[in-house]
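In case you want the letters, here they are:
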Amino acid sequence: MTATRPQPRPGVLDIAPYVPGKSTAPGVAKVFKLSSNETPLGPSPRAVAAYRAVGEHLQDYPDGSASELREAIGKRFGLDPARIVCGAGSDDLLNLLARAYLADGDEAIHTTHGFLVYPIATLGTGAKPVVAAEKNFTADVDAILAAMTKKTKIVFLANPNNPTGTYVSFDEVKRLRRDLPPQVLLVVDAAYAEYVRRNDYESGIELVATTDNTVMCRTFSKIYGLAALRLGWLYGPAHVVDAINRIRGPFNVNAPSIAAGVVAIADTAHIETARAHNEKWLAWLTQEIGKLGLGVTPSVANFVLIHFPETKGRTAKEADAFLTKRGLVLRQVAAYKLPNALRMTVGSEEANRLVVKALAEFLGKPA
Ligand SMILES: *Cc1c(COP(=O)(O)O)cnc(C)c1O
């Protein structure tokens, strides 16, 4: 049949549009948004000042190669700035990687509860997302390897993963890389790397430095508190960087973001404060919510996955409604194949205490 109107390429209409975390609770005066893994501490005040200063020069195009920012990132992590590409959020970079390395009929692997941007980016290229099973809500290297076919071009691994908060040890990530064919690109998405405090974790920097087919994506949206600016970066082999630089928008990162990022990445005191806050309240939330009899998946990131019973009156959906009425906005994760769970971002002390208190009430166990 001849089409009577323009048709998107195959795959596009198979995409279930990404639904961001709720940010409102109708009729509630004070709302605590704990649905998008934003930092309760906000960005570095110096980064905000740098952002504002660019307001005086909005007629000027940004530096299309974001060199100052790549140099600041390189300095912070000891990396060659020539092997860094900045993007409008890591979403931008994940989509560029998909566009550069996937074509019709190719396959890209992600895991059962993996970040939703991976299948979206994959389908947008006409390629097929292939799901590898997880074990204990954790990516499973053997399952990923078993999902490999001749058509596999990319493996997307969020480490730690969102929305589960679990991680894969460096030894396991190395084993994955070793056993994947060399022509398969391994994309390690380390959006929450700064929060992780585990000796057996590695963000991806070392693996990128020692292999020719691994890319690491990072973001300014989480611990740096700059989600509104849409700023991310990748570190990869020179040949991947070259390919991405050819297809990215020539000015894909705006000037206020570059200015704020340069300062944010150097404000190590601010980052340390955010890490310490998270370490304390992540442990507290895990313990207190566990005491209420709810399952909490052990997390190394800045959020916890809370599991609810299927009993009527006690479900995740009902808990979400109960909490939202009190201005406590968590994230339903049914789209991540977790219909009986809610994801909660580690918030301010006030927010964390209010959620635990409200959950106790919800379960009929007031303190
Ligand atoms: C939040 C998040 C990102 C960051 O996305 P941005 O586009 O940089 O805001 C990337 N990956 C995962 C797994 C995330 O949870």
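Predicted model, so just to flag it, every value in this text is computed and none were measured. By convention here, each chain's residues receive numbers from 1 onward along its written sequence. pLDDT decides what is reported in this predicted model: residues at 70 or higher carry local features, side-chain atom pairs at 80 or more are listed and counted, and totals for whole chains, interfaces and linings draw on all residues regardless. Heavy atoms throughout the structure, all of them, feed into the side-chain values; hydrogens and water do not.

Visitor: I'd like a rundown of the site of the ligand, residues and numbers included.
Guide: Taken together, the neighbourhood of the ligand is formed by Gly-89, Ser-90, Asp-91, Phe-115, Asn-162, Asp-189, Ala-191, Tyr-192, Thr-219, Ser-221, Lys-222 and Arg-230. In this structure, an oxygen atom belonging to the ligand sits 3.0 Å away from a main-chain N or O atom of Asp-91. What qualifies as a polar contact is a pair of N or O atoms within 3.5 Å, subject to a donor-acceptor requirement within protein and to the restriction that residues adjacent in sequence count only when both atoms come from side chains. The separation between an oxygen atom of the ligand and a polar side-chain atom of Ser-221 is 2.6 Å. If the ligand stood free it would expose 390 Å²; the protein chains cover 94% of that surface. Site definitions follow a grid-based scheme: protein atoms alone, a 1 Å grid, a 1.4 Å probe that fits but cannot get out for cavities, and for pockets an open set with protein on both sides within 12 Å along at least five of seven lines, plus lining residues having an atom within 4 Å of a point. Each molecule is assigned to a cavity or pocket provided more than half of its atoms lie within 2 Å of the corresponding grid points. The pocket occupied by the ligand, as judged from atoms lying within 2 Å of grid points, is the largest pocket. Class assignment of the residues belonging to the shell around the ligand gives a composition of 3 nonpolar, 5 polar and 4 charged. One heavy atom within 4 Å of a molecule or strand makes the whole residue count as near it. In short, Shrake-Rupley with a 1.4 Å probe defines the accessible areas, and a residue's cover is counted only from the protein chains shown. Each residue receives one of three labels: charged for Asp, Glu, Lys and Arg, nonpolar for Ala, Val, Leu, Ile, Met, Phe, Trp, Tyr, Cys and Pro, and polar for the others, Gly being one of them.

Visitor: Describe the layout of surface pockets, listing the residues and the values that go with them.
Guide: Grid points are joined across faces, edges and corners, and a volume is the space filled by probe spheres set on the points. Put simply, the largest pocket is a space of about 710 Å³. In this structure, the largest pocket is lined by 38 residues; those nearest its centre are Ser-36, Ser-221, Lys-222, Ala-227 and Arg-230. Looking at side-chain class alone, the lining of the largest pocket contains 18 nonpolar, 11 polar and 9 charged residues. Bear in mind that the domain bounds are from an automatic or database domain assignment. Each of two domains, domain 1 (21–42 + 269–363) and domain 2 (45–266), supplies a minimum of three residues to the lining of the largest pocket. If you add up the space inside the second largest pocket, you get close to 310 Å³. Along its surface, the second largest pocket is lined by 21 residues, and Pro-17, Tyr-18, Val-19, Leu-116 and Ala-335 are the ones closest to its centre. Secondary structure elements follow DSSP: runs of H or I no shorter than four residues count as helices, runs of E no shorter than two count as strands, and numbering proceeds from the N terminus. Taken together, the elements giving at least two residues each to the lining of the second largest pocket come down to α4 (117–123) and β14 (331–333). Considered class by class, the residues forming the lining of the second largest pocket number 15 nonpolar, 2 polar and 4 charged.

Visitor: So what's going on with unusual backbone geometry? Residues and values would help.
Guide: With an omega dihedral of 0 degrees, the bond running from Asn-159 to Pro-160 counts as a cis peptide bond. For the bond from Asn-162 to Pro-163, the omega torsion is 15 degrees, close enough to zero to count as cis. Within the secondary structure layout, Pro-163 lies in the loop between β7 (152–158) and α6 (170–179). Backbone geometry at Arg-230 places phi at a positive 60 degrees, although glycine is not the residue there.

Visitor: Describe in detail empty space enclosed by the protein, supporting the description with residues and values.
Guide: Within the structure shown, the criterion is met by 2 cavities of 30 Å³ or more. The computed volume of the largest cavity comes to approximately 40 Å³. Together, Thr-39, Pro-40, Leu-41, Tyr-195, Ala-274, His-277, Asn-278, Asn-302 and Val-346 line the largest cavity. In terms of residue class, the lining of the largest cavity is made up of 5 nonpolar, 4 polar and no charged. Of the volumes computed, that of the second largest cavity is approximately 30 Å³.

Visitor: Which residues make up the sheet that holds strand β2 (residues 84–87), and what values do they have?
Guide: Strand order in the open sheet formed by 7 strands is β2-β10-β9-β8-β7-β3-β4, and the pairing between neighbours is mixed. Of all strands in the sheet, those with a lone pairing partner are β2 and β4 (128–132), marking the two edges. Neighbouring strand axes in the sheet, compared pairwise and without regard to direction, differ in orientation by 25 degrees on average. When DSSP finds two or more bridges between a pair of strands, those strands are recorded as paired. Pairing of strand β8 (residues 185–189) with strand β9 (residues 214–219), which is carried by 4 bridges, proceeds in the parallel orientation. When the sheet's bridge partners are listed, Leu-186 is paired in β9 with Thr-214. Its contacts with the sheet place helix α2 (residues 67–77) against β2, β9 and β10 (232–235), and it is angled at close to 125 degrees to β2. Any pair of residues with heavy atoms lying within 4.5 Å of one another is described as a contacting pair. Each axis is a line fitted through C-alpha atoms, taken for helices only over the stretch in contact, and angles between the N-to-C directions span 0 to 180 degrees. Against the sheet, helix α3 (residues 89–101) contacts β2, β7, β8, β9 and β10, and its axis sits at roughly 155 degrees relative to β9.

Visitor: Lay out the pattern of salt bridges with the relevant residues and their values.
Guide: Basic side-chain nitrogens of Lys or Arg form a salt bridge, by our definition, when they fall within 4 Å of a carboxyl oxygen of Asp or Glu. For the coordinates displayed, the defined rule picks out 19 salt bridges. For Arg-230, the salt bridge goes to Asp-91, with nearest N and O atoms at 3.4 Å. Remark: Asp-91 occurs in helix α3 and Arg-230 occurs in the loop between β9 and β10; sequence separation between them is 139 residues. Through salt bridges with shared partners, a single ionic network connects Arg-197, Glu-272, Arg-275 and Glu-279.

Visitor: Let's hear about the pairing of strand β12 (residues 303–307): which residues, and what values?
Guide: Counting buried positions along β12 gives 5 out of 5 residues, so the element sits mostly inside the fold. Counting the residues in the hairpin turn of strand β11 (residues 295–297) and β12 gives 5 residues. By the bridge criterion, 5 bridges tie β12 to strand β15 (residues 338–345) in an arrangement that is antiparallel. Paired with Phe-303 across the bridge in β15 is Thr-345. Per-residue accessibility, obtained with a 1.4 Å probe over protein chains only, is compared with the maximum for each type, and a residue is labelled buried under 20%, exposed over 50%, and partly exposed between these values.

Visitor: Give me the lowdown on the packing of aromatic side chains, citing residues and values where you can.
Guide: Two rings from Phe, Tyr or Trp (for Trp, the six-membered ring) form a pair when their centres are within 6.5 Å of each other. A pair whose planes differ by under 30 degrees is stacked, one over 60 is edge-to-face, and the rest are tilted. Going through the model one piece at a time under the given rule, you end up with 10 aromatic pairs. Between Tyr-167 and Tyr-201 the ring centres are 6.1 Å apart and the planes differ by 75 degrees, which places this aromatic pair in the edge-to-face class. You can see Tyr-167 sitting in the loop between β7 and α6 and its partner Tyr-201 sitting in the loop between β8 and α7 (205–210), a full 34 residues away along the chain. Each member of the pair Tyr-167 and Tyr-201 is classed as buried. Members of the aromatic cluster, each reached through a chain of ring pairs, are Phe-115, Tyr-118 and Phe-156. By the criterion adopted, a ring carries a charge over it if an Arg CZ or a Lys NZ lies within 6 Å of its centre and within 35 degrees of its normal. Sitting over the face of the ring of Phe-322, Arg-326 holds its NZ or CZ atom 3.5 Å from the ring centroid.

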